[in-house]
Amino acid sequence: MARVLITGANRGIGAALMIAARAAGHDPIGTTRDGQNGTIALTLDDPDTIAAQLRDVGPLDVLINNAGVISPKRQSPLDMDFGGFAQSLSINTLAPLAVAQAVLPKLRDSAAPKILSLSSQMAWMGYRKPDRIAYRASKAALNKVMQGLATELEPEGIPVALVDPGWVRTDMGGPEADEDPAAVARGIIEIAEKLTLCDTGKFFRFTGEERAF
């Protein structure tokens, strides 16, 4: 049984991950903005505050960086809300790294520590699409940040990987999306269970296949 920290656990993929982790026999701990229903209160807007917010997280084996935003409303290259773009980068790119740094001492005490971060198929550099460019850029940056973290932690035996959950039927993805959040969550938990140092720095679909950056 692993103790798993899941950020953004109040809805969508995060809530489904909590259920899937329990069903697989693990001990999940969720974070939410308000800290309700037994979760840890965690706001991600200011990465410099994250370590203090997570100081009492306790023992930990697995970190799953799930929380994220798809804002701002205006995020075309020709009509950009730059303040909203900066917030997306803070929450989607900087905060996952800050969370990883904050809990790293706990992970180092684990017999099988692992770090997973949820990216997006929209981060793929092969897409030449201008819509939601702040979100796309923040997830592409997350990929690069987590590649770097994987390289730094490889000598310590801590694997770091990224997961593409696909287009999921959540508040963010909408009702027309392809993937069921419960199935996506089960796939992510299976990836976490199987992750080894041979997989560090890689990008996986939730179904387990490695995919291109």
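The rules behind these values
Residues numbered from 1 in each chain as written. Predicted model: local features only at pLDDT ≥ 70, side-chain atom pairs only at ≥ 80, totals over all residues. Heavy atoms only, no water. Helix = DSSP H or I, 4+ residues; strand = E, 2+ residues; numbered from the N terminus. Rg over C-alpha atoms; globule rule 2.2 N^0.38 Å. Buried < 20%, exposed > 50% of the residue type's maximum accessible area, 1.4 Å probe, protein only. Areas by Shrake-Rupley, 256 points an atom, 1.4 Å probe, with all protein chains shown as cover. Lys, Arg positive; Asp, Glu negative; His and termini not counted. Charge placed at Lys NZ, Arg CZ, Asp CG, Glu CD. Pairing = 2+ DSSP bridges. Right-handed = clockwise from strand over helix to strand, strands pointing away. Salt bridge = Lys/Arg side-chain N within 4 Å of Asp/Glu carboxyl O. Contact = heavy atoms within 4.5 Å. Axes fitted to C-alpha atoms, helices over the stretch in contact; angles between N-to-C directions. Expected span 1.5 Å × (residues − 1). 1 Å grid on protein atoms, 1.4 Å probe; cavity = no way out; pocket = protein on both sides within 12 Å on 5 of 7 lines; lining within 4 Å. Points joined across faces, edges and corners; volume = space filled by probe spheres on them. Nonpolar A, V, L, I, M, F, W, Y, C, P; charged D, E, K, R; others polar.

1. Considering the overall build of the protein
Looking only at helices and strands, the protein features five helices and nine strands. What you see in the protein, going N to C, is helices and strands ordered as β-α-β-β-α-β-β-β-α-β-α-β-α-β. Relative to the globule expectation of 17 Å for 213 residues, the C-alpha radius of gyration of the protein, 16 Å, shows essentially globular dimensions. By its C-alpha atoms, the protein is 50 × 35 × 35 Å across when sized along the principal axes. Every one of the 213 residues in the protein was classed for burial, and the buried ones make up 49%. When the accessible surface of the protein is summed, it comes to about 10200 Å², and 53% of that surface belongs to carbon and sulfur atoms. Within the protein, the 25 negative side-chain charges are centred at a point lying 3 Å from the centre of the 22 positive side-chain charges.

2. Quick word on the pairing of strand E1 (residues 3–6)
Pairing of E1 with strand E2 (residues 27–32), which is carried by four bridges, proceeds in the parallel orientation. Residue Leu5 lies in a different strand from E2, and its bridge partner there is Ile29. Crossover handedness for the path E1 to helix H1 (residues 12–23) to E2: right-handed. The pairing of E1 with strand E4 (residues 62–65) spans three bridges and is classified as parallel. Paired with Ile6 across the bridge in E4 is Ile64.

3. Some points on the side chain of Lys139
Relative to the assigned elements, Lys139 resides in helix H4 (residues 133–153). It is Asp164 that comes nearest to the buried, bridge-free Lys139 among opposite-charge side chains, at 9.6 Å. Other than its neighbours up to four places away in sequence, Lys139 contacts Asn92, Leu118, Ser119, Ser120 and Ala123.

4. A closer look at the sheet that holds E4
What the seven strands build is an open sheet, ordered E3-E2-E1-E4-E7-E8-E9; its pairing is parallel. The strands lining the two open edges of the sheet, one partner per strand, are strand E3 (40–41) and strand E9 (203–205). Strands in contact with helix H3 (residues 82–108) are E1, E4 and strand E7 (114–118); relative to E4, the strand with the most contacts, it is inclined by about 170°. In the packing of helix H5 (residues 181–194) onto the sheet, the strands contacted are E4, E7, strand E8 (160–164) and E9, and the crossing angle to E7 comes to about 150°.

5. Observations concerning H5
Its 14 residues place the ends of H5 20 Å apart at the C-alpha level, agreeing with the 20 Å of an ideal helix rising 1.5 Å per residue. Among all positions in H5, only Pro181, Val184, Ala185, Gly187, Ile188, Ile189, Ile191 and Ala192 are buried. Looking at the packing, one finds that the buried side of H5 touches H1, E4, E7, E8 and E9.

6. Section: the layout of surface pockets
Taken as a whole, the largest pocket encloses approximately 1100 Å³ of empty space. Gly68, Val69, Ile70, Thr170 and Met172 are the residues nearest the centre of the largest pocket, which is lined by 41 residues in total. Within the lining of the largest pocket, the residues separate by chemical class into 15 nonpolar, 16 polar and ten charged. What lines the second largest pocket is a set of 15 residues, among which Ala9, Asn10, Met18, Asn37 and Thr39 lie closest to the centre.

7. A few points about the environment of Gly201
Note that Gly201 resides in the loop between H5 and E9. It is 9.2 Å that separates the C-alpha atoms of Gly201 and Lys144, two residues lying 57 residues apart in sequence. Excluding residues within four positions of it along the chain, Gly201 makes contact with Gln147, Ala150, Val160 and Phe213.

Scope: geometric values only; no functional claims are made or implied.
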